[in-house]
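# Remarks on the overall topology
Listed below are the residues making up each chain.
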Amino acid sequence: MHAIRAAAALTLAAALLAVPVRAAGQQRTSDELAGHPPAPVPPAVVTRDVDNRATVRAVRIAEPLQIDGRLDESVFSSVLPISDFVQTDPDHGAPATEKTDVWLFFDDDNIYVVGRCWETEPDRLVANEMRRDNVTIVRNDNFAWSFDTFHDHRNGVLFEVNPIGGRIDGQVTNESQVNLDWNPIWDFATGYFDGGYVVEAAIPFKSLRYRPGREQVWGFQARRTNRWKNEVSYLTPVPPAFINNGHFRSSLHAAIVDLEAPPASRLVEIKPYAIGDLSSDLVSAEPFSNDIGGSGGVDVKYGITQNLTADFTVNTDFAQVEADEAQVNLTRFSLFFPEKREFFLENQGLFAFGGAGAGPFGGGDTPVLFYSRNIGLHDGREIPIDAGARLTGRVGAFNVGVLNIQTGDSDAGGDPAAAVAATNFSVVRLKRDLLRRSSVGAIATRRSVARDGRGAAETYGVDGAFGFYDALTINTYWATTRRERPPIGLPGDDPDDVSYRGHLDYAGDRYGVELERLVVGADFNPEVGFLRREDFARSLGVFRFSPRPRSIDAIRRFVWEARFDSYDSRSRAGRLDTELLQGQFAMEFENSDRLQVDYIRSNEYVDRPYDVAGVAGLEVGAGGYRFQDVQVGYQLGQQRRFSGEITAQHGGFFGGTKTTIGFGRRQGFSGGRLEITPRVSFEPGVQLNWISIPAGDVMATLVTTRTTVTFTPFLFASALIQYNSAANDASANVRLRWEYQPGSELFIVYNEQRDTLARRFPMLENRAFIVKINRLFRF
């Protein structure tokens, strides 16, 4: 009798906590064997356990929702919403101060997500961005959600919408790497009510990938950002270390049950394009003026299986892509420019290797083994892409990425020295998930003609990423490069062509530790990748203490950080090339402003002279240098009509001094923003460098301004104007983009570049007027 009562009590407790009870002899599920939580018992609408982990139920509806931003269908009265969000910041674990209601519905074609965001002071909502995938949307009030459609607790897709219809969609890989250039077809609308705003979305099952089978269990997370309060809350608890990207962390998602997905249909998308242009180039080897041109091409997407998709491109053109933002290079190392071309951006995270970043600012000094800007671009000049194919998805337990691109030859306008031969580029990437948040993988790349024209170049590597608990990650890799015909001067025996890395990162809220050992051999050269710095062995240690004071109302968090960074030469008997000692103090205020002070002591050895900022004659000579500098920055909160970071830096610089004043953001000098109206914005970026060294003095100036007028979430015009005194260059990139139907776009683009050293008004070097239209056909 006691055994029966105990069993009954256990069953009742399990039902209340939504934890299933396994009968004697019942086999463990695949999730349990992989270390994941067991499949939850379906709740009425939402059930939470003692740790506030949630299970939610998707509700089938008989009629499609009208996506209009108004909750006037009867289903919103008959089905209770999912609510009770939990703060991540500022008061971790406390109930959210503003209520958020969520509904999950589905029918045979779509899954619907509806958010009703209550607001006690609607007049204080911050919403000033309508362009798709613009990061300013994250800085607005917004409602966000994410799906882990494979329920693998590591990958997912995310969606974010602000009150005026600005939206973000993206793919998340390994709970950390996000690709915002995944642009699926989905419908949405926003609307206001007396107590806040509403977001309605209908996402076709055809736009998502998921496991085979009608009955599905997905992961789900929802986030509410209240910008004027600087408060972030989630459906399920998220550690403070992941304030804004908690919806990346699939392992913390709630589980959706009772969801039924239609049988997989074979996705076929065909997207032809046509383009016409009027262009001039007055500085090429064969100048021309007002030449009329035109071409066409096509992109095709084909679903081989539910989880494996092939993409094909013929006569690819990227004329609509925004110009690169200018940078001033004061170092002796290469600059990283982000990829902006749509074909290469989709599924970009799958090709990431060894923990190296390929986002807006690259991966620092960690080699990037696949850097897609090596394809179709050469020294900043476009090379024609004849055709290409890509295969991405899942095969069994493996994530698979295969890419092959054929580029044409280019005679560089008749300049033999700059001619580029036709080249084939190949990339193969495999990755297998392990345990809860870990994976191992391999990559191989090949370029049929190396940059110096001497035979093929290949790269091979293996890597592992291991996640422990919620905040500890370890990344490691080993890679090598091979040349069919080594360059002249490269040793034939035992070349130093290996790179490897071990990196530990503990990203807690109160404490943080980062340790790294990175080695790049003197002959390591990934020719389809990016190498900022060569021939070094790096040792890095970073230690952070960031308490949240309870007794100071105006300050949310203090940050103290110490960093030691050293680079030894591999080929020169371990000679010290760079040593940096850095101390940082920062205060994060309740209004989201931030004050930061950095002290840096540098020890540098320059093995060969280089020109600062590319200015001829302004040479830093070979030898050793010791200097120190101080930088102060103040970040204006994102909720302000005028935001951005003001910085000032002064100190030594290779035997002289350097003073820098800037406005924008610390990495890259854009990011300042002045809101004229919610539809009109001005984004200024300024960097002024006064440099004095024994070789001479110079003032290097960089000015970047972007003006944007947004008519609707589907139609906007922008103008990027840039001036770079070091390059004696002024440029303009003006673009109009209209998504006239989902997935189909019209672009009108004007580009111009001028030489600022000309005696008269800056002399025209080149310009182009381009019209491009594409049309998506979906079957």
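Definitions and cut-offs
Residues numbered from 1 in each chain as written. Predicted model: local features only at pLDDT ≥ 70, side-chain atom pairs only at ≥ 80, totals over all residues. Heavy atoms only, no water. Helix = DSSP H or I, 4+ residues; strand = E, 2+ residues; numbered from the N terminus. Buried < 20%, exposed > 50% of the residue type's maximum accessible area, 1.4 Å probe, protein only. Contact = heavy atoms within 4.5 Å. Areas by Shrake-Rupley, 256 points an atom, 1.4 Å probe, with all protein chains shown as cover. pLDDT = per-residue confidence, 0-100. Pairing = 2+ DSSP bridges. Core = buried A, V, L, I, M, F, W, Y, C linked by side-chain atoms within 4.5 Å. Salt bridge = Lys/Arg side-chain N within 4 Å of Asp/Glu carboxyl O. Phe/Tyr/Trp six-rings, centres within 6.5 Å; stacked < 30°, edge-to-face > 60°. Lys NZ or Arg CZ within 6 Å of the ring centre and 35° of its normal.

### Some thoughts on the overall build of the chain
Helices and strands together make up the secondary structure of the chain, namely five helices and 45 strands. Buried residues in the chain amount to 51% of all 779 residues. When contacts within the chain are restricted to residue pairs at least 6 apart in sequence, those whose partners lie at least 24 apart make up 58%. Of the roughly 34100 Å² of accessible surface on the chain, a fraction of 57% belongs to carbon and sulfur atoms.

### Things to note about the confidence of the model for the chain
Across the chain, the average pLDDT comes to 85, with 87% of residues at 70 or higher. Low confidence marks residues 358-362, where pLDDT is under 50. Its contacts with residues over four positions away, or in another chain, come to twelve contacts. For residues 666-670, every residue scores under 50 in pLDDT, and the model assigns this stretch 16 contacts once sequence neighbours within four places are set aside.

### A few points about the environment of V519
Residue position: V519 is located in strand β28 (residues 511-520). For the pair formed by V519 and S539, sequence separation is 20 residues and the distance between their alpha carbons is 9.0 Å. Contacts of V519, omitting those with residues within four sequence positions, involve V498, S499, Y500, F536, A537 and R570.

### So, the sheet that holds strand β5 (residues 100-106)
Reading across from one edge, β3-β5-β6-β12-β11 is the order of the five strands in this open sheet, with mixed pairing throughout. Each end of this open sheet is capped by a strand with a single partner; those strands are β3 (59-60) and β11 (187-193). Pairing of strand β6 (residues 110-118) with strand β12 (residues 196-204), which is carried by nine bridges, proceeds in the antiparallel orientation. Across the sheet, the residue bridging to N110 is P204, located in β12.

### Quick look at the nonpolar core
Counting 38 residues, the largest nonpolar core has F143, W145, F147, W218, F220 and I256 as the members making the most contacts within it. Looking at this core, the elements that each hand over two or more residues are β2 (54-57), β5, β6, β7 (142-148), β8 (156-161), β12, β13 (215-226) and β15 (254-260). Once residues within four sequence positions are removed from consideration, I256 is found in contact with V56, A58, L104, F147, Q216, V217, W218, G219 and F220. Counting residues in hydrophobic clusters, the runner-up holds 23 residues, among them F343, F425, V427 and A479.

### Side note on the pattern of salt bridges
Inspection of the entire model under this criterion finds 52 salt bridges. The residue R572 makes a salt bridge to D607 at a minimum N-O spacing of 3.4 Å. With R572 in the loop between β30 (555-568) and β31 (576-589) and D607 in the loop between β32 (594-606) and β33 (610-611), the pair connects residues that are 35 residues apart, well separated along the chain. By relative accessible area, R572 is classed as partly exposed at 36%. Overall, the relative accessible area of 31% leaves D607 in the partly exposed class. A network of salt bridges, in which partner residues are shared, links D89, D509, R548, R556, R557, E588, E590 and R594.

### Topic: the environment of P122
Inspection of the secondary structure assignment puts P122 in the loop between β6 and α4 (136-139). The class for P122 is partly exposed, based on a relative accessible area of 32%. Spatially, the C-alpha atom of P122 lies 8.1 Å from that of D194, the residues being 72 residues apart in sequence.

### A short note on the packing of aromatic side chains
Taken as a whole and judged by the stated rule, the model has 33 aromatic pairs. With a centroid separation of 6.3 Å and an interplanar angle of 65 degrees, the aromatic rings of F147 and F159 are classed as edge-to-face. With F147 in strand β7 and F159 in strand β8, the pair connects residues that are twelve residues apart, well separated along the chain. Arranged with centres 6.2 Å apart and planes meeting at 85 degrees, the rings of Y610 and F654 form a pair that is edge-to-face. With Y610 in strand β33 and F654 in the loop between β36 (642-653) and β37 (656-664), the pair connects residues that are 44 residues apart, well separated along the chain. Like Y610, the residue F654 is buried in the burial classification. Put simply, the rings of F143, W145, F147, F159, W182, W186, F188, F205, Y210, W218, F220 and F714 pair up and form one aromatic cluster. Geometry around F716 places R131 over its ring, the cationic atom sitting 6.0 Å from the centre. Of note, K772 hangs over the ring of Y273, and the distance from its end group to the ring centre comes to 4.6 Å.

### Notes on the pairing of strand β16 (residues 268-281)
Sheet analysis places β16 next to strand β17 (residues 288-305), joined by 13 bridges and oriented antiparallel. Bridging across to β17, E269 finds its partner in K301. The turn linking β16 back onto β17 is made up of six residues. As judged from the two bridges shared by β16 and strand β45 (residues 777-778), these two strands associate in the antiparallel manner. The residue of β45 that forms the bridge with E269 is R778. As defined by bridge partners, β16 adjoins strand β44 (residues 763-774) across nine bridges and the pair is classed as antiparallel.

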